Amino acid sequence: MKFADKIIYSCLLVIVVVYTLGSTIMIVQNHNHLLETVTQQNKSSHEIESYSIESRLLQDASSDTTSQGKNSDVLLQRAIYYIQQFHSSIEQPLVSYALLGSNNQILYSKIDKDIEENVIKNKNEHYAYTTINSQNYMIISSEIKAGEQKYSFLGCYNITPTFEERTRQFYSSLYIGIFVLGLSYFILRALARYLTSSILKLNTVSQRIAAGNYSERTCIDSHDEIGELSKSFDEMAETNEQTIHELQHNVQQREDFMGSFSHEIKTPMTAILGFADMMRTYDCDSESRQKAAQYIYTEGKRLETLSYALMDLLSLDQQHVEFEPISITSIMKQLDYYYEGKKLDINIVFDYQECLLNSQDDLLFALMRNLIDNAIKASSSQQEILIKGYVNKDRYIIIIQDHGIGMSQEDIEKVTEPFYMADKSRARSQGGAGLGLSLVKRICDVHHTKLTITSILNQGTTVSFDIGVYQDE
């Protein structure tokens, strides 16, 4: 059963129970009130009639016509006469009277034979209710004196209309209830569809996302629980989409890495095997052998550099790095000594502020050496490379700036990917494998810092990062 149907039938069940209970209580209360009103009216009417008969009989008993009340037969006849007058003058055909003697003998009666016995049975009650032949009656009894005799004056009031009114109200309530139930069904159906439209949209969007359309969103703007659920769902979908894109990007990077890695190995291996086969097969002169040996050595060094770079990348992925206080002066001196031994025709300038950093000697040296190597490869003869360092609050900023060939924005976005080279011919001629900046990025990640690269084509490149300053506790 759908959720909208559950809402409809649940609400209808509540309406039926509440309406039935409420209408029943109301009808019962109305009937009791009406019955009490009719009872009081009949009692008052009977008292008046009984008093009227008794007063007239008292007058007759004191007159000569009844021998001062001693002629009981005359008084009985007078009492019957007065009762007959009530019958003839009464406007209510539902009222009838009877007069009983002391031995329950019926002296006068206009009551139906079917109910006389029940009336006699209840003559000692002030008033009573009875049901005979599906008709409801109220029997009121009172005592009247006629001279020296006492009689029971009985009034039989047909109160069936009161009970018929209760039945009529029950049927009216039933018809109204059926109408209300039908009307409520259509209203609830429309309302349930409106209220569950957001849930249906959530379900539709979730199915589309499951089918691979990760950009789908519910975009439900409501300030209730469904709105909060929709917002959480959209946030979850956004996170999942980003995660999936990252996974797809990582898979693509791995495929590109494997392709590039295979290519980087295949190229030097082909050259090594080719020249080695030439030296093995042919009787070459000294110059050819020297040239072949040089190619084999150069390509072997490229493989060696590639293997070292890969080992560094793998080691950073697998090891937990413990930082220690490192003097930036020590690192700068190591770099200065390292590049002095290379006898470069590039002018490297060191301008730094002394400080202790939270790092590791080998990692920080490798990070800066790779950045300086890239700056050297991008620079021409006699150009200057600036290595600058200074303290900014609790961080140490390091900048490597060159005035070389620069990079485009597209190259900047991809330059940290493994084996990516902005200028492949220039990088290969200088023994590059495209892993230097990938290693730099991994070292920056270990230091929880970001590598910032700004570059302009043919004007130069500036690379910067920051490292935490060592705090002596």
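Up top is the structure.
Attention in this report is confined to the structure presented alongside it. (Residues numbered from 1 in each chain as written. Predicted model: local features only at pLDDT ≥ 70, side-chain atom pairs only at ≥ 80, totals over all residues. Heavy atoms only, no water.)

1. Quick notes on the pairing of strand β12 (residues 460-468)
So, step 1. Summarising burial for β12: seven of the nine residues are buried, a large majority.
So, step 2. Pairing between strand β10 (residues 395-402) and β12: eight bridges, direction antiparallel. The residue bridging I398 from the neighbouring strand is F465, located in β12.
So, step 3. Relative to β12, strand β11 (residues 452-456) runs antiparallel, the two being bridged by five bridges. Paired with I456 across the bridge in β12 is G460.
So, step 4. Linking β11 to β12, which pair antiparallel, is a turn of three residues; within it N458 sits at a positive phi near 65 degrees. (Buried < 20%, exposed > 50% of the residue type's maximum accessible area, 1.4 Å probe, protein only. Helix = DSSP H or I, 4+ residues; strand = E, 2+ residues; numbered from the N terminus. Pairing = 2+ DSSP bridges.)

2. Some points on the side chain of S198
So, step 1. Along the polypeptide, S198 turns up in helix α4 (residues 160-210).
So, step 2. Under the relative-accessibility criterion, S198 is labelled buried at 17%.
So, step 3. Setting aside its immediate chain neighbours within four residues, S198 contacts I220 and I226. (Contact = heavy atoms within 4.5 Å.)

3. What about the side chain of S455?
So, step 1. Counting through the fold element by element, S455 comes out in strand β11.
So, step 2. Here G460 takes part through its backbone oxygen, which lies 3.2 Å from a polar atom of the side chain of S455. (Polar contact = N/O pair within 3.5 Å; in protein donor to acceptor, adjacent residues only side chain to side chain.)

4. Some words on the packing of helix α1 (residues 3-61) against α4
So, step 1. Axis separation between α1 and α4 bottoms out at 8 Å; the angle between their running directions is 160 degrees. Here α4 runs roughly antiparallel to α1, going by the angle between their axes. Once α1 is placed against α4, the crossing between them reads as right-handed.
So, step 2. Residues of the contact of α1 with α4, tallied by class, amount to 23 nonpolar, nine polar and four charged. (Axes fitted to C-alpha atoms, helices over the stretch in contact; angles between N-to-C directions. Parallel < 35°, antiparallel > 145°, perpendicular 65-115°, else oblique. Left-handed = near helix turned anticlockwise from the far one by under 90°. Nonpolar A, V, L, I, M, F, W, Y, C, P; charged D, E, K, R; others polar.)

5. Description of helix α8 (residues 361-378)
So, step 1. With 18 residues, α8 extends 26 Å from end C-alpha to end C-alpha; this agrees with the ideal 26 Å at 1.5 Å per step.
So, step 2. A large share of α8 lies buried, amounting to 13 of its 18 residues. (Expected span 1.5 Å × (residues − 1).)

6. Focus on the packing of aromatic side chains
So, step 1. Tallied over the full model, the rule gives seven aromatic pairs.
So, step 2. For the ring pair Y97 and F153, a centre distance of 5.4 Å and an interplane angle of 10 degrees mean the geometry is stacked. Linking Y97 in strand β1 (residues 95-100) with F153 in strand β5 (residues 149-158), this pair joins segments that are 56 residues apart in sequence.
So, step 3. In this structure F153 comes out as buried when scored by relative accessible area, which is 0%.
So, step 4. When the ring of Y338 is compared with that of Y339, the centres are 4.9 Å apart and the planes differ by 90 degrees; the resulting orientation is edge-to-face.
So, step 5. A residue is classified by how much of its surface remains accessible, and Y338, at 29% relative accessible area, is partly exposed.
So, step 6. Take Y339: its relative accessible area is 5%, and that puts it in the buried class.
So, step 7. Taken together, the ring pairs in this structure connect Y338, Y339 and F365 into an aromatic cluster.
So, step 8. Taking NZ or CZ as reference, R56 lies 5.1 Å from the ring centre of Y82, over its face. (Phe/Tyr/Trp six-rings, centres within 6.5 Å; stacked < 30°, edge-to-face > 60°. Lys NZ or Arg CZ within 6 Å of the ring centre and 35° of its normal.)

7. Description of a nonpolar patch on the surface
So, step 1. Taken together, the side chains of L13, V14, V17 and V18 make up a nonpolar region of the molecular surface, amounting to roughly 380 Å² of accessible area.
So, step 2. Tracing the sequence through the fold places V14 in helix α1. (Patch = residues over 30% accessible without salt bridge, like charges linked within 9 Å, V, L, I, M, F, W, Y side chains within 5 Å. Areas by Shrake-Rupley, 256 points an atom, 1.4 Å probe, with all protein chains shown as cover. Salt bridge = Lys/Arg side-chain N within 4 Å of Asp/Glu carboxyl O.)

Any functional reading would require information that these geometric values do not contain.
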